[in-house]
Amino acid sequence: MKRICPLRLLALCGSFLVILGCTRQPTTPASSLPDASLTVDYGTPTPCGSFNESMPQSVLRRLNADRVAAGLSQLKMDYGPMMQAAQTRALELTVHFAHERPNGDPWNTVFSQYAIHGQHIGENLACGQSSPETVYQGWWDSQQGHKENMLNKNYTHVSIACLYVNDKHFWVQLFRSE
């Protein structure tokens, strides 16, 4: 039996998903994500959609410009395990949009899942914004601590994932200190 992406199933059932007008950017298929050796079932859905690689770079440029303007050091984009963690969280947002995993575990368990260490860690999430400018401005204007994460002096690294599936973007910023 062919497995259907959870969001595709929702769309077929007439879900509440809003179709956004946007153009496709260069992407990496979600199915190309490496398999992590899981000992816990976090409820991460089967990969579907594609990860945009250029839009996170635009977010990083603006983030670092604002950090420098605030007298802070620039963040380094982490393309290793932390990017895998950010992509995993983006996939999870397609079935459970929250600062917790689909199985109810805290969001930060994704760091231990991928053996990522840092004394200080943070997460920003967004859904539906079709451009780097709109997602960034939404985080910047947020009253829920997103801007504080972006300007946290303790952070040294960031991974930004943008998953495009069923005409909708799911965004994740993960932060860590050295």
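Please refer to the structure higher up on the page.
Parameters at a glance
Residues numbered from 1 in each chain as written. Predicted model: local features only at pLDDT ≥ 70, side-chain atom pairs only at ≥ 80, totals over all residues. Heavy atoms only, no water. Buried < 20%, exposed > 50% of the residue type's maximum accessible area, 1.4 Å probe, protein only. Helix = DSSP H or I, 4+ residues; strand = E, 2+ residues; numbered from the N terminus. Arc of directions from axis to C-beta. Contact = heavy atoms within 4.5 Å. Axes fitted to C-alpha atoms, helices over the stretch in contact; angles between N-to-C directions. Parallel < 35°, antiparallel > 145°, perpendicular 65-115°, else oblique. Left-handed = near helix turned anticlockwise from the far one by under 90°. Nonpolar A, V, L, I, M, F, W, Y, C, P; charged D, E, K, R; others polar. Salt bridge = Lys/Arg side-chain N within 4 Å of Asp/Glu carboxyl O. Expected span 1.5 Å × (residues − 1).

*Asks:* Give a description of helix 5 (residues 132–141) that names residues and reports values.
*Replies:* Three or more residues of helix 5 are buried, namely Pro-132, Val-135, Tyr-136, Trp-139 and Trp-140. Axial view of helix 5: buried residues confined to an arc of 135°, hence all on one face. For helix 5, the secondary structure elements touched by its buried residues are helix 2 (55–69), strand 4 (121–127), helix 6 (146–150) and strand 6 (168–176).

*Asks:* Can you tell me about the packing of helix 2 against helix 5, naming the residues and giving the values?
*Replies:* Direction vectors running N to C along helix 2 and helix 5 enclose 40°, while the axes themselves pass 9 Å from each other. Regarding the angle of helix 2 to helix 5, the classification is oblique. You can see that helix 2 and helix 5 cross each other, and the crossing is right-handed. Across the interface between the two elements, Met-55, Ser-58, Val-59, Arg-62, Leu-63 and Asp-66 of helix 2 pack against Pro-132, Glu-133, Val-135, Tyr-136, Gln-137, Trp-139 and Trp-140 of helix 5. Classifying every residue of the contact of helix 2 with helix 5 by side-chain character gives eight nonpolar, two polar and three charged.

*Asks:* Residues and numbers for the pattern of salt bridges, please.
*Replies:* Counted by the stated rule, this structure contains four salt bridges. In this structure, the salt-bridge partner of Arg-176 is Asp-78, at a minimum N-O distance of 3.0 Å. Here Arg-176, found in strand 6, pairs with Asp-78, found in the loop between strand 3 (76–77) and helix 3 (81–93); they are 98 residues apart in sequence, far enough to count as distant. With a relative accessible area of 10%, Asp-78 lands in the buried category. We note a salt bridge from Glu-123 to Arg-89, for which the minimum N-O separation is 2.7 Å. Of the two residues, Glu-123 sits in strand 4 while Arg-89 sits in helix 3, which places them 34 residues apart along the sequence. Owing to a relative accessible area of 5%, Glu-123 belongs among the buried residues under this scheme. What emerges from the salt-bridge pattern is a single network uniting Arg-89, Glu-92, Arg-101 and Glu-123.

*Asks:* Can you lay out helix 2 for me, pointing to particular residues and giving the numbers?
*Replies:* With 15 residues, helix 2 should reach 21 Å at 1.5 Å per residue; the first-to-last C-alpha distance of 22 Å fits that figure. Inspection of helix 2 places Met-55, Pro-56, Val-59, Leu-60, Leu-63, Asn-64 and Arg-67 among the buried residues, and these make up the whole buried set. End-on view of helix 2: buried residues confined to an arc of 165°, all on one side of the axis. What points out from helix 2, more than 90 degrees from its buried face, is the exposed set Arg-61 and Ala-69. Considering only its buried residues, helix 2 is in contact with strand 2 (50–52), strand 3, helix 5, helix 6, strand 5 (157–165) and strand 6. One or two positions beyond helix 2, positive phi appears at Gly-71, with a value near 80°.

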